[in-house]
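# Reading the structure
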Amino acid sequence: LQDLDLDAIDERQARFVVDVLTDSLAPTNGLLTNPAALKKARATRGGSLVQGVRHALSDLRHNNAMPSQVDKSQFEVGDNLACTAGRVVFRNEILELIQYQPTTAKVQQRPVMVVPPQINKFYVLDLTPEKSMYKFLVDQGTQLFTVSWKNPTAQNSDWGMDDYISALTEAVTAVTVITGQPDLNLMGACSGGITASILSAYLDATGSTAVHSLTLLVCVLSQSRGDSDITLFANEAGIEQARRTSRKKGILDGAELARVFNWMRPNDLIWNYVVNNYLMGNKPPAFDILYWNNDTTNLPAQLHSDFLDQILSNPLVKAGELSILGQPVDLASVGCDKYLLAGTTDHITPWHACYRSTQFLGGDIRFVLSNSGHIQALVNPPGNPRANYFVNEELPASHEAWLDGAQQCAGSWWDDWAGWLQQRSGRKVNARKALGRKGSYEPMEAAPGTYVF
């Protein structure tokens, strides 16, 4: 490739294609060139191959012809996933708001509201109890609320960022009325972080002080072509083609989006399971994160288009470039304290791109870098002896300079964030046993609600 005299972007595109082809042609991906598969076939008198064919036919019929990554029979949402106790206390056509049951006698005065990604279901932050950030926060004495998005269909194709922000402002009102507090700590992850940032800027522009602090997890607000393998192929023609496709269908299908992400890491997310499921005849593993990853959601065509605008025109870094519900917004004017988290090996929202936000957001900012990837950065409970993170009170223009001056800390960043949150959550008050607010926000279904299904 070096002999072709390509520019940096073209060379990375070519290298990506070559790597995918090289991974696909690896000898272990073929039966006759995989000694372990041949040995097992002989040992089982062909039984492993028969089982592998059954797995392949099942995936052809039920999994969009992709190898299954997880044994789904081992998990059930509301049973051993997303089982933190709580109730739905508000619902509109776009979201449900879940309030979690306190587990401590005293809770911190100022509540936390979580805005999860729209491209996945909310319970990545509430997996098994050992991995649940929500359980961790509730056990810390946090008054916790989360949004659970409705999975849109083609009939909801016109839902755009305006609609999502309008729905979230209703949720913010519900949280403040239920808790009797004038403001809250807001947290958003990935695309939910983009949405939470826009919500904060919109509320600020309308004169509201409802957002006391903002936490952004693995979230890129300032887009640049080539930040990741996805944006590497993002040009104007490709983006317009993507718009046309989702507009025609009314949605960006979640299964199709998952297929794109899988091909970004084919060895880990495709060929590994071809070998395990088909050549060896084994069942895929029972892994909660992979179950969640395969529990896909759709994006409405308009919201998909709005997110594509973030890549094409990068409006969030320019004051007034983006208008929400007719109101120009400016992220730099949002003066609340902010906590930003990124992952060292994140291939979807690379940490250098996440760090870029520190240079144009307003307020006091703490940037933390976890030694993990996109999902592992979120699912990072205390107790893992290999977990560590980097902190640096200074925020130089260069992400390399930030890392050069950073201190490495042992343990999970969850503890660091919990301490940061507590300083911004007011005094301790008696926990209310009753959820919701009588007469205005009566509790409805038990968590995880109905929209998650």
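Note that this is a predicted model, so its numbers are computed, not measured.

We now examine the layout of surface pockets. Roughly 290 Å³ of volume is contained in the second largest pocket. Lining the second largest pocket we find 16 residues, and of these Ser 58, Asp 59, Ser 68, Val 70 and Pro 284 sit closest to its centre. If you tally residues by element for the lining of the second largest pocket, the top one is helix 3 (residues 47-62), at 6 residues.

What follows concerns the nonpolar core. Residues Leu 97, Met 113, Leu 168, Leu 186, Leu 221 and Phe 367 are the most contacted members of the largest nonpolar core, which totals 67 residues. Looking at this core, the element that brings in the most residues is helix 5 (residues 161-179), giving 10 residues. Setting aside residues up to four positions removed in sequence, Met 113 forms contacts with Leu 97, Phe 145, Val 147, Leu 168, Ala 171, Val 172, Val 175, Leu 184, Asn 185, Leu 186 and Met 187.

Moving on to empty space enclosed by the protein. Regions of empty space are outlined by a rolling probe, equal in size to a water molecule, passed over the atoms. Counted under the stated rule, the structure contains 3 cavities of 30 Å³ or more. Here the largest cavity defines a volume of roughly 90 Å³. Lining the largest cavity are 17 residues, with Gln 118, Asn 120, Lys 121, Trp 149 and Thr 297 sitting closest to its centre. Broken down by element, the residue count for the lining of the largest cavity peaks at 3 residues, all from strand 5 (residues 144-149). When grouped by side-chain class, the residues that make up the lining of the largest cavity number 9 nonpolar, 6 polar and 2 charged.

Another aspect to go through is the sheet that holds strand 1 (residues 86-91). The sheet built from 10 strands is open, its strands ordered 1-2-5-4-6-7-12-13-14-15 with mixed pairing. With one partner strand each, in any of the chains shown, strand 1 and strand 15 (407-410) form the two edges of the open sheet. Going across the sheet, the axis of each strand differs from the next one's by a mean of 25°, ignoring polarity. The pairing of strand 4 (residues 112-115) with strand 5 spans 3 bridges and is classified as parallel. Residue pairing for strand 5: Val 112 is matched across the bridge by Leu 144. Set on the sheet, helix 5 makes contact with strand 1, strand 2 (95-100), strand 4, strand 5 and strand 6 (184-189); between it and strand 2 the angle comes to about 25°. Running at roughly 145° to strand 6, helix 6 (residues 191-205) makes contact with strand 4, strand 6 and strand 7 (211-217) of the sheet.

Cut-offs and rules
Residues numbered from 1 in each chain as written. Predicted model: local features only at pLDDT ≥ 70, side-chain atom pairs only at ≥ 80, totals over all residues. Heavy atoms only, no water. 1 Å grid on protein atoms, 1.4 Å probe; cavity = no way out; pocket = protein on both sides within 12 Å on 5 of 7 lines; lining within 4 Å. Points joined across faces, edges and corners; volume = space filled by probe spheres on them. Helix = DSSP H or I, 4+ residues; strand = E, 2+ residues; numbered from the N terminus. Core = buried A, V, L, I, M, F, W, Y, C linked by side-chain atoms within 4.5 Å. Buried < 20%, exposed > 50% of the residue type's maximum accessible area, 1.4 Å probe, protein only. Contact = heavy atoms within 4.5 Å. Nonpolar A, V, L, I, M, F, W, Y, C, P; charged D, E, K, R; others polar. Pairing = 2+ DSSP bridges. Axes fitted to C-alpha atoms, helices over the stretch in contact; angles between N-to-C directions.

Shape descriptors only; they carry no functional weight alone.
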